[in-house]
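# An overview of the molecular structure
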Amino acid sequence: MSLAAEAFVSQIAAAEPWPENATLYQPLNGKNHFFMLISCHVSYVPIMSQAYLKMCGLPVHLCCRANAEYMSPSGKVPFIHVGNQVVSELGPIVQFTKAKGHSLSDGLDDVQRAEMKAYMELVNNMLLTAELYIQWCDNATAAEITRPRYSSPYSWPLNYILAYQKQWEVRRKMNAIGWAGKSLEQVYEDVSQCCQALSQRLGTQPYFFNKQPTELDALVFGHLFTILTTRLTNDELGERVKSFTNLLSFCRRIEQNYFEEQDRDSQSGASSRHSKGPSLM
Amino acid sequence: MGTVHARSLDPLPMQGPELGVHADDLDLPEPEHETKQEVLENKDVVVQRVHVDGLGRTKEDLLTYEIADVFKARNLIDVMKKSHEARQKLLRLGIFRQVEVVIDTSQGADALPNGLDVTFEVTELRRLTGSYNTMVGNNEGSMVLGLKLPNVFGRAEKFTFQFSYGTKETSYGLSFFKPQPGHFERNFSVNLYKVTGQFPWSSVQPSQYFRSHAHIHIYPFPIWKTNHTLKWEGVWRELGCLARTASFAVREESGHSLKSSLSHAMVIDTRNSTILPKKGALLKINQELAGYTGGDVSFLKEDFEIQLNRRLFWDSVFSASLWGGMLLPIGEKSSSIADRFYLGGPTSVRGFNMYSIGPQSEGDYLGGEFYWAGGLHLYTPLPFRPGRGGFGDLFRTHFFLNAGNLCNLNYGEGPQAHLKKLAECIRWSYGAGIVLRLGNIARLELNYCFPMGVQSGDRICDGIQFGAGIRFL
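This is a predicted model, so every value here is computed, not measured. (Residues numbered from 1 in each chain as written. Chains lettered and ligands numbered in written order. Predicted model: local features only at pLDDT ≥ 70, side-chain atom pairs only at ≥ 80, totals over all residues. Heavy atoms only, no water.)

### Observations concerning the environment of glycine 331 of chain B
One can find glycine 331 of chain B in the loop between β15 (317-329) and β16 (360-361). Sequence spacing of glycine 331 of chain B and leucine 401 of chain B is 70 residues, and the spatial spacing of their C-alpha atoms is 38 Å. (Helix = DSSP H or I, 4+ residues; strand = E, 2+ residues; numbered from the N terminus.)

Here you go:
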């Protein structure tokens, strides 16, 4: 998001309170329930934005659209549609809610905030890239899971064209950041190291910055939850994450506190999640 | 009897029917040979041989269809006439740069005393030719660079590559064209092209769209007095908003879609010219069925165009036209912004901005599923007729009255309710202006308009409006 756009958002957004009809859009519609579940959660990890909004206590509708990626102004999902504003990706969404007076990191001092940013960068650079690598660069996963899932809303021959186009794009990105030469084993190792760092930071605290969740918690939860609940061609990645028991219980805690309770509160309400999402239990 | 040279007339422009100009529009003068008519007409002759000189890669069987009629000639005038026709046919194939006809008495052992030999001296086009054009569309202009491989396989097939850079659209495309031997007007073409363009009326700032096309044309084949065209079209469309401020309704339409449709068009055209006709009528009916041959959009689209022209006193012409169309989405999905109709602008309902009538969301026009538009025109020569018989004849003054409406219909309501809705809130306008005719292809208009019946949200152009285009209401 450009500086001007950021300024625009913070100027305009501050004036209005959070509306009831805010909608979070994520890819793929609900034609195929199985595809929807894994896609909504793996594709671009929209669950972290959802977790973040839940942590802020902001009500949001969920909406799955096949063309969500193209509807988003930045081409990335998820995005929220609030009033007449469209904001995409976690970072800008955090900015946007902050402008509306909802922030999770207000209680932090400057040092903690810098630390939080550093860890968020680590997660974005490591976990996100590793997920992309496994989805698109591991041939077995790409052929069996990622491409069929990505192409499911389209008809022939567009499904093939778009899936290969996407794969080509991701591979080009991997080339640019020097991941193309890595083996799957090396990627798993990177994920382990990242988890190691997160696990050490978390220690025995309930959240990364003690009692209160922050956007870092939303981000880490989003990625780990996705890794843990997504079925891939082999379980190696999930097993690596599961070996960090404090991270596992951290995910369970967030899931219980923010997803299950609210589901019980409002089964059909605005903030309810899909009735039978994947679960860690 | 000496040698008769039927010298070539001005060569025909080398263009296929895809440019929209039919050879019969050009009103070529018949060759005149009246001075010798009395002497030669009665003399029976036999065309013994027809030679075609200068052939390289062209296959002979293609030419036999074109020159077959020459053998049927029974006297000299007939021979000249038929040879001339054959020459026109050969030029129309678009594979020869030059065709000359030489008629001579037969030579050799088996020559009859009244035998004639007809020789066509042809020069083939090069294997690769280039072209540069400027084109005018409906309120847009473009520059077209083309590469052409005429007569690739020796039977008037043609490969073209085109790059066009325009004010609204940029496109490049590849097309293959094959006529049926002996029936050049029946042809088959496959086109693949990619277009990137803008719908500025659908977003405050331009939104982008992109299309990749493949279509197969079989056209036109005449049945009785009508001309029919069949077309299969596969279009891959990617719509996207570049502007952050694009309305959410437009944003929702972004992404990829694939249209595969079969369409049929019927045309009856008795007008004397396509631009500023003086007499005759036009009826055009188009129907398109998408979805049954694949793709992810399904709809049935029907539209028609009627135009009547009548010559009145003092060289003035009265013209009335009516357009209408409807789009019926099939299945649960609603229609796409790329398939709907748009109305308004200097080429349809004058006095309104381009495509700025009808349903809209936050200032972006979304188009409609149902529309009609009608126009009454009175074309007269310029006052005091300056430049009469020359340049001044390209200009006309006109007085017009336009009306139209565009809306979305809820298909549960029944036809009565639909008609009522179309009759409500009619936009109309009247005014006068000057029309300039550009060749037989395009026309320019400068009008002073008074828009009426303006609904909230319509963007109007009260006063002077300029229009350029090929299809006018």
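### Topic: the interface of chain B and chain A
Listed per partner, the contact involves 14 residues of chain B and 20 residues of chain A. At the boundary of chain B with chain A, the tally comes to 0 salt bridges. The tally of links between chain B and chain A comes to 0 residue pairs in polar contact (both at pLDDT 80 or more). Elements that contribute at least two residues to the side of chain B that touches chain A include exactly β11 (226-240), α4 (248-251) and β12 (255-269) of chain B. For the side of chain B that touches chain A, the element with the most residues is β12 of chain B, which contributes 4 residues. Among the residues making up the side of chain B that touches chain A, the classes are represented as 3 nonpolar, 5 polar and 6 charged. (Contact = heavy atoms within 4.5 Å. Salt bridge = Lys/Arg side-chain N within 4 Å of Asp/Glu carboxyl O. Polar contact = N/O pair within 3.5 Å; in protein donor to acceptor, adjacent residues only side chain to side chain. Nonpolar A, V, L, I, M, F, W, Y, C, P; charged D, E, K, R; others polar.)

### Digging into the UniProt feature "domain: POTRA" (unreviewed entry) in chain B
As annotated by UniProt and renumbered to match this structure, "domain: POTRA" (unreviewed entry) occupies residues 45-125 of chain B. Within residues 45-125 of chain B, the helical portion is 31% and the strand portion 35%, while the C-alpha atoms at the span's ends are 33 Å from each other. (UniProt positions renumbered as here; feature names shortened; annotations may be inferred.)

### Some words on the UniProt feature "domain: Metaxin glutathione S-transferase" (unreviewed entry) in chain A
If you check UniProt for "domain: Metaxin glutathione S-transferase" (unreviewed entry), the listed places come out as residues 192-254 of chain A in our numbering. Taken end to end, residues 192-254 of chain A is 68% helix and 0% strand, and its two terminal C-alpha atoms sit 21 Å from one another.

### What about helix α2 (residues 60-67) of chain B?
All names here are of chain B. Within the span of α2, buried status applies to Leu62, Leu63, Glu66 and Ile67. Buried residues of α2 fall within an arc of 120° about the axis and therefore sit on the same side. In this fold, the buried residues of α2 make contact with β2 (46-53), α3 (76-92), β3 (96-105) and β4 (115-124). (Buried < 20%, exposed > 50% of the residue type's maximum accessible area, 1.4 Å probe, protein only. Arc of directions from axis to C-beta.)

### A short note on α3 of chain B
Residues and elements named next belong to chain B. Taking 1.5 Å per residue, 17 residues should reach 24 Å; α3 reaches 24 Å between its end C-alpha atoms and fits that length. All of the buried residues along α3 are Leu76, Ile77, Val79, Met80, Ser83, His84, Ala86, Arg87, Gln88, Leu90 and Leu91. Phi for glycine 94, located one or two positions after α3, is positive at around 75°. (Expected span 1.5 Å × (residues − 1).)

### Comments concerning the confidence of the model for chain B
Residue and element names in this part refer to chain B. Put simply, chain B has an average pLDDT of 78, and 84% of its residues get 70 or more. Ranking the elements of chain B by mean pLDDT puts strand β1 (residues 4-6) last, at 37, and strand β14 (residues 299-311) first, at 93. Within the model, pLDDT remains below 50 along residues 1-33, and this stretch shows 43 contacts once partners closer than five positions in the same chain are excluded. pLDDT under 50 marks residues 204-208. Its contacts with residues more than four places away, or in other chains, come to 22 contacts. (pLDDT = per-residue confidence, 0-100.)

### Some thoughts on the packing of helix α6 (residues 110-137) of chain A against helix α10 (residues 215-229) of chain A
All names here are of chain A. Relative orientation of the contacting elements α6 and α10 amounts to 20°, with a least axis distance of 10 Å. Considered as vectors, α6 and α10 are oriented roughly parallel to each other. Handedness of the α6/α10 crossing: left-handed. Side by side, α6 and α10 meet where Met116, Tyr119, Met120, Val123, Asn124, Leu127, Leu128 and Glu131 of the first sit next to Glu215, Leu216, Leu219, Val220, His223, Leu224 and Ile227 of the second. The class makeup of the residues in the contact of α6 with α10 is 11 nonpolar, 2 polar and 2 charged. (Axes fitted to C-alpha atoms, helices over the stretch in contact; angles between N-to-C directions. Parallel < 35°, antiparallel > 145°, perpendicular 65-115°, else oblique. Left-handed = near helix turned anticlockwise from the far one by under 90°.)

### As for the packing of aromatic side chains
Note on aromatic pairs: each is described by the distance of the centres and the angle between the planes. If you walk through the whole model with that rule in mind, you get 13 aromatic pairs over all chains. Between the aromatic rings of tyrosine 133 of chain A and tryptophan 179 of chain A, the centroid separation amounts to 6.3 Å while the plane-to-plane angle is 55°, which identifies the pairing as tilted. Pair noted here: tyrosine 133 of chain A is in helix α6 and tryptophan 179 of chain A is in the loop between α8 (158-176) and α9 (184-202), with a separation of 46 residues, a long-range link. For tyrosine 133 of chain A, a relative accessible area of 6% puts it in the buried group. Relative accessible area serves as the criterion here: at 7%, tryptophan 179 of chain A is assigned to the buried category. Judged by centre distance (6.5 Å) and plane angle (75°), the rings of tyrosine 207 of chain A and phenylalanine 250 of chain A are edge-to-face. One end of the pair, tyrosine 207 of chain A, is in the loop between α9 and α10; the other, phenylalanine 250 of chain A, is in helix α12 (residues 245-265), and 43 residues separate them in sequence. Judged by its relative accessible area of 5%, tyrosine 207 of chain A is buried. With a relative accessible area of 0%, phenylalanine 250 of chain A lands in the buried category. Feature note: the residues Trp428, Tyr430, Tyr448 and Phe450 of chain B constitute an aromatic cluster, connected by ring pairs. One cation-aromatic arrangement involves lysine 158 of chain B over phenylalanine 177 of chain B; the distance from NZ or CZ to the ring centre is 4.9 Å. (Phe/Tyr/Trp six-rings, centres within 6.5 Å; stacked < 30°, edge-to-face > 60°. Lys NZ or Arg CZ within 6 Å of the ring centre and 35° of its normal.)

### Thoughts on the packing of α6 of chain A against α8 of chain A
Residue and element names in this part refer to chain A. For the pair α6 and α8, the least separation of the axes is 10 Å and the interaxial angle reads 135°. Relative to α8, the element α6 is oriented oblique. Seen along the crossing, α6 lies across α8 with a hand that is left-handed. Of α8, the residues touching α6 (which contributes Thr129, Leu132, Tyr133, Trp136 and Cys137) are Ala163, Lys166, Gln167, Val170, Arg171, Lys173 and Met174. Partitioning the contact of α6 with α8 into residue classes produces 7 nonpolar, 2 polar and 3 charged.

### What about the state of the cysteines?
If you walk through the whole model with that rule in mind, you get 0 disulfides over all chains. Take cysteine 195 of chain A: it sits in no disulfide, and the sulfur closest to it among the cysteines is that of cysteine 194 of chain A, at 5.6 Å. A disulfide-free cysteine, cysteine 461 of chain B has its sulfur positioned 5.9 Å from the sulfur of cysteine 449 of chain B, the nearest such atom. Among the residues examined, cysteine 461 of chain B registers a relative accessible area of 17% and is labelled buried. (Disulfide = S-S within 2.5 Å.)

### A closer look at the pattern of salt bridges
Where charged atoms from two side chains of opposite charge approach closely, those side chains can pair. On inspection of all chains with the given rule, the structure shows 20 salt bridges over all chains. Aspartate 269 of chain B is paired through a salt bridge with arginine 271 of chain B; the nearest N and O atoms lie 3.0 Å apart. Classification of aspartate 269 of chain B by relative accessible area gives partly exposed; the value is 37%. Ionic contacts of the salt-bridge type, sharing partners, join the residues Glu185, Glu189, Glu236 and Arg240 of chain A into one network.

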